[in-house]
Amino acid sequence: KKQRPKTISLNQFKKRFTGEQKKRITEEVNHYYLLTQFKEAREKMGLTQDELAKKANINRTTLSKVETGSRNATIDTLSKLASAMDMQLDMSLRAY
């Protein structure tokens with residue numbers, strides 16, 4: 001008879017992470033959140049990737065890679081995208 005793996009709660013699972021691992025997870029979550037904000041704003045405005053890329057003066061493939069997270073965008077690229085959507089990129093520095 002096959003035994004089911006033991007399950008644990010999410011809180012128990014979180015306790016197993018080191019401080020550095022927790023920091024890295026937070027960074028990834030924040031990065032993903034920022035990328036989804038760009039994509040959602042573009043879609044809400046009814047713009048295609050091609051249209052937004054042209055307005056921002058960047059390559060469409062760059063925009064696609066930014067939206068999917070397969071490329072780390074520069075602050076310059078993110079600023080161009082925000083400006084092309086008549087938005088402002090706000091950044092802050094804070095302790096963990």
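Note that this is a predicted model, so its numbers are computed, not measured. (Residues numbered from 1 in each chain as written. Predicted model: local features only at pLDDT ≥ 70, side-chain atom pairs only at ≥ 80, totals over all residues. Heavy atoms only, no water.)

1. Re the packing of aromatic side chains
The condition that has to hold: Working definition: a ring pair exists when centres of Phe, Tyr or Trp rings (six-membered ring for Trp) sit within 6.5 Å. Plane angles under 30 degrees give stacked, over 60 give edge-to-face, the rest tilted. Relative accessibility under 20% of the residue-type maximum defines a buried residue, over 50% an exposed one, and the middle range a partly exposed one, all with a 1.4 Å probe and only protein chains included.
For the structure shown, the criterion picks out 1 aromatic pair. With centroids separated by 5.1 Å and ring planes inclined at 80°, the aromatic side chains of Phe-13 and Phe-17 adopt a geometry described as edge-to-face. For Phe-17, a relative accessible area of 24% puts it in the partly exposed group.

2. Here's the deal with helix α5 (residues 75-84)
Defined as follows: Each helix is a run of H or I in the DSSP string that is no shorter than four residues. Each strand is a run of E no shorter than two, and both are numbered from the N terminus. This arc is built from the directions going out from the helix axis to the C-beta atoms. Whether two residues are in contact is decided by their heavy atoms: any pair within 4.5 Å suffices.
Those residues of α5 that fall on the buried side of the exposure criterion are Thr-77, Leu-78, Leu-81, Ala-82 and Ala-84. End-on view of α5: buried residues confined to an arc of 165°, all on one side of the axis. Here the buried face of α5 lies against α2 (19-44), α3 (49-56) and α4 (60-68). Note on α5: the residue one or two positions beyond its end, Asp-86, has a positive phi of about 55°.

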